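# Structural description and commentary
Spelled out from the first residue to the last, the chains are:
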Amino acid sequence: MSRNVTAGLDGAVTDAPGERAHDGPLVVGVDGSEPSLRATDWAADEAALRGVPLRVVYACLWDRYEGAALALDIGDPTEPPPPQDLVGAAAERARARHPDLRVTADVVFEEPGYALIRAARNASALVVGTRGRSGVAGMLLGSVSLTVAAHADCPVIVLRGSHDNRATPPVHGRVVVGVGEDAKESAAVRFAAEEARRRGVPLEAVRAWRCPAHEPGGYPLMVGRPTRQYEERAVEVLEAALRDLPADVEVRRRTVEGHARRALVDASHSADLLVVGARRREGHLGLQLGSTAHAVLHHSACPVAIVPHRAHDA
């Protein structure tokens, strides 16, 4: 059974209002952990940048709280706060960061991954933090964040990196997008261009290419031409993907020899946001993430936006 409540601007609990997907709120998932606090900060910046409301969502299967990071904000470091206080504190944190931002806070008593995927249906984007604990685990992605990134209908932004508590002002001054083979009408490229335009920074489009190991068949004199063919093909794919972008977006094109996942993880070290696409297959129940998206979600040095791409987008 699930129950939704919304803490309004005056603190009163009301029914959650409906929103249309195209002008819906930015949603941030919180659980009281330190990563979710950073996600709240980043989401507040992004919502203000977009000019849309921010919706804070806390979801759990039982009326308890796993972490203690918000306890000091609420005033009791020993007693876990009730869910309504937890989301209320997160909402107040967002309002303090952007006083003019419209913020609502929902408590949903159901499985967190499912609740956030459902919230994404009428959201402009969904923001989540990582849930690594310490050591090597701290480098990896939590199961809820991974599930949401693999199934949500809207773009999902996973907060990674040391500067992941701020969307603006830019730290490195660029947005990076990975361009896939079928990216002529790529939703990821369009999303990345809008993010770059909002921030007033260049968009760097990266296309990786590789010469198959079996070519050029062991003939040294033939090495140059086959290699150039693959690089030229990468340039053609980039041009097709970027052809219809708005003229006011500064675009930098880059082709890289090697694996796409390595090229994008390397690029993330000097980016404010890394954008990749993820194809959604109708009727498929497994994790709908390619190997590149999966790798950057676990290893990127900056926030990662996963943009769903369906057959009718191609």
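Since we're looking at a predicted model, the values are computed, not measured. (Residues numbered from 1 in each chain as written. Predicted model: local features only at pLDDT ≥ 70, side-chain atom pairs only at ≥ 80, totals over all residues. Heavy atoms only, no water.)

## Description of the pairing of strand E12 (residues 304–309)
- Burial of E12 is extensive: six of the six residues sit out of reach of the surface.
- Of the two faces of E12, the one holding Val304, Ile306 and Pro308 and the one holding Ala305, Val307 and His309 are both buried throughout. (Buried < 20%, exposed > 50% of the residue type's maximum accessible area, 1.4 Å probe, protein only. Helix = DSSP H or I, 4+ residues; strand = E, 2+ residues; numbered from the N terminus.)

## Looking at the nonpolar core
- Membership of the largest hydrophobic core comes to 51 residues, with the highest contact counts inside it found for Leu54, Val127, Leu203 and Val275.
- Per-element tally for this core: the top contributor is helix H6 (residues 187–199), with seven residues.
- With residues up to four places along the chain from it excluded, the contact list for Val275 reads Val175, Val176, Val177, Gly178, Ala188, Phe191, Ala192, Ala305 and Val307.
- Ile117, Cys154, Val265 and Val304 belong to the second largest nonpolar core, which has 39 residues in total. (Core = buried A, V, L, I, M, F, W, Y, C linked by side-chain atoms within 4.5 Å. Contact = heavy atoms within 4.5 Å.)

## Observations regarding the pattern of salt bridges
- Going through the model one piece at a time under the given rule, you end up with 19 salt bridges.
- Linking Arg93 and Asp41 is a salt bridge whose minimum nitrogen-to-oxygen distance equals 2.8 Å. One end of the pair, Arg93, is in helix H3 (residues 83–97); the other, Asp41, is in helix H1 (residues 34–50), and 52 residues separate them in sequence.
- Across the pair Glu204 and Arg254 runs a salt bridge, and its minimum N-O distance is 3.0 Å. Residue Glu204 is located in strand E9 (residues 203–209), and its partner Arg254 is located in strand E10 (residues 251–257); the two are separated by 50 residues in the primary sequence.
- Taking the relative accessible area as the measure of exposure, Glu204 reaches 9% and is therefore buried.
- Shared partners join several salt bridges into a network, and the residues in it are Glu46, Arg50, Glu195, Arg198 and Arg199. (Salt bridge = Lys/Arg side-chain N within 4 Å of Asp/Glu carboxyl O.)

## What about the packing of helix H8 (residues 260–268) against helix H9 (residues 291–299)?
- The geometry of H8 relative to H9 is characterised by a closest axis approach of 9 Å and an angle of 30° between their N-to-C directions. By the criterion of interaxial angle, the relationship of H8 to H9 is roughly parallel. Once H8 is placed against H9, the crossing between them reads as right-handed. Facing H8, whose interface residues are Ala260, Arg261, Leu264 and Val265, H9 presents Ser291, Thr292, Ala295, Val296 and His299.
- Per-class residue counts for the contact of H8 with H9 are five nonpolar, three polar and one charged. (Axes fitted to C-alpha atoms, helices over the stretch in contact; angles between N-to-C directions. Parallel < 35°, antiparallel > 145°, perpendicular 65-115°, else oblique. Left-handed = near helix turned anticlockwise from the far one by under 90°. Nonpolar A, V, L, I, M, F, W, Y, C, P; charged D, E, K, R; others polar.)

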